[in-house]
Amino acid sequence: MTPSSAASGVENVLRILEGRWKLVILFHLFGGKVLRFSDLERAIPAISQKMLIQQLRQMEADGIVRRIVHHQVPPKVEYCLTDWGQALCPALDALLKWAAQKEPAEGSLGS
């Protein structure tokens, strides 16, 4: 991989994961969990219904999340990670470990 192709690859990954809520949604679905839309709403109370729908649709279009529709009354919609989405777990875990190694004297993560 060249520096240019690596940078382009990183840009593509960041585009897929960008958005305030995508990583939060991912962490709730890791481990093979299958959650109803209402379960995700309760698990992430600060997100609006519109934003949750938008983020889930983008993640579904990118192949990270699978939407399962049960045709019944009332309708039941569940979400889970695809195998590719689940494969993000070790990478995100590595990022968390990397961030935890930062020296406290260097300032907080947000600064």
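Residues numbered from 1 in each chain as written. Predicted model: local features only at pLDDT ≥ 70, side-chain atom pairs only at ≥ 80, totals over all residues. Heavy atoms only, no water.

### Thoughts on the packing of aromatic side chains
What characterises a pair of aromatic rings is the spacing of the ring centres plus the angle enclosed by the ring planes.
Here is step 1: Enumeration over the complete set of coordinates arrives at 1 aromatic pair.
Here is step 2: Aromatic side chains Phe 27 and Phe 30 sit 5.4 Å apart centroid to centroid with 90° between the ring planes, which places their arrangement in the edge-to-face category.
Here is step 3: For Phe 27, a relative accessible area of 40% gives the class partly exposed. (Phe/Tyr/Trp six-rings, centres within 6.5 Å; stacked < 30°, edge-to-face > 60°. Buried < 20%, exposed > 50% of the residue type's maximum accessible area, 1.4 Å probe, protein only.)

### Points about the layout of surface pockets
Here is step 1: Size it by volume and the largest pocket reaches roughly 290 Å³.
Here is step 2: Those elements that provide at least two residues to the lining of the largest pocket are α1 (3–17), α2 (22–29) and α6 (88–100).
Here is step 3: In terms of residues, the lining of the largest pocket owes the most to one element, α6, which gives 7 residues.
Here is step 4: The calculated volume of the second largest pocket comes to roughly 230 Å³.
Here is step 5: Arg 36, Phe 37, Ser 38, Ile 53, Leu 56, Arg 57, Glu 60, Arg 67, Pro 75, Lys 76, Val 77 and Tyr 79 together form the lining of the second largest pocket.
Here is step 6: Elements with a minimum of two residues in the lining of the second largest pocket: α3 (37–43), α4 (49–61) and β3 (76–81).
Here is step 7: The element that contributes the greatest number of residues to the lining of the second largest pocket is α4, accounting for 4 residues.
Here is step 8: When grouped by side-chain class, the residues that make up the lining of the second largest pocket number 6 nonpolar, 1 polar and 5 charged. (1 Å grid on protein atoms, 1.4 Å probe; cavity = no way out; pocket = protein on both sides within 12 Å on 5 of 7 lines; lining within 4 Å. Points joined across faces, edges and corners; volume = space filled by probe spheres on them. Helix = DSSP H or I, 4+ residues; strand = E, 2+ residues; numbered from the N terminus. Nonpolar A, V, L, I, M, F, W, Y, C, P; charged D, E, K, R; others polar.)

### Here's the deal with the confidence of the model for the protein chain
Here is step 1: Chain-level pLDDT for the protein chain is 91 on average; 94% of the residues reach the 70-or-more range.
Here is step 2: For the protein chain, per-element mean pLDDT is lowest for α1, which scores 88, and highest for α4, which scores 97. (pLDDT = per-residue confidence, 0-100.)

### Details of unusual backbone geometry
Here is step 1: A cis amide bond links Val 73 with the next residue in sequence, Pro 74, at an omega value of -5°.
Here is step 2: Within the secondary structure, Pro 74 sits in the loop between β2 (65–70) and β3.

### A few points about α4
Here is step 1: Taking 1.5 Å as the rise per residue, α4 with 13 residues should run 18 Å; its terminal C-alpha atoms sit 18 Å apart, in good agreement.
Here is step 2: Considered for burial, the residues of α4 that qualify are Leu 52, Gln 55, Leu 56 and Met 59. Down the axis of α4, the smallest arc covering the buried residues is 100°, so these residues share one side. More than 90 degrees from the buried face of α4, the exposed residues found are Lys 50, Arg 57 and Ala 61.
Here is step 3: At the C-terminal side of α4, Gly 63 shows a positive phi close to 85°. (Expected span 1.5 Å × (residues − 1). Arc of directions from axis to C-beta.)

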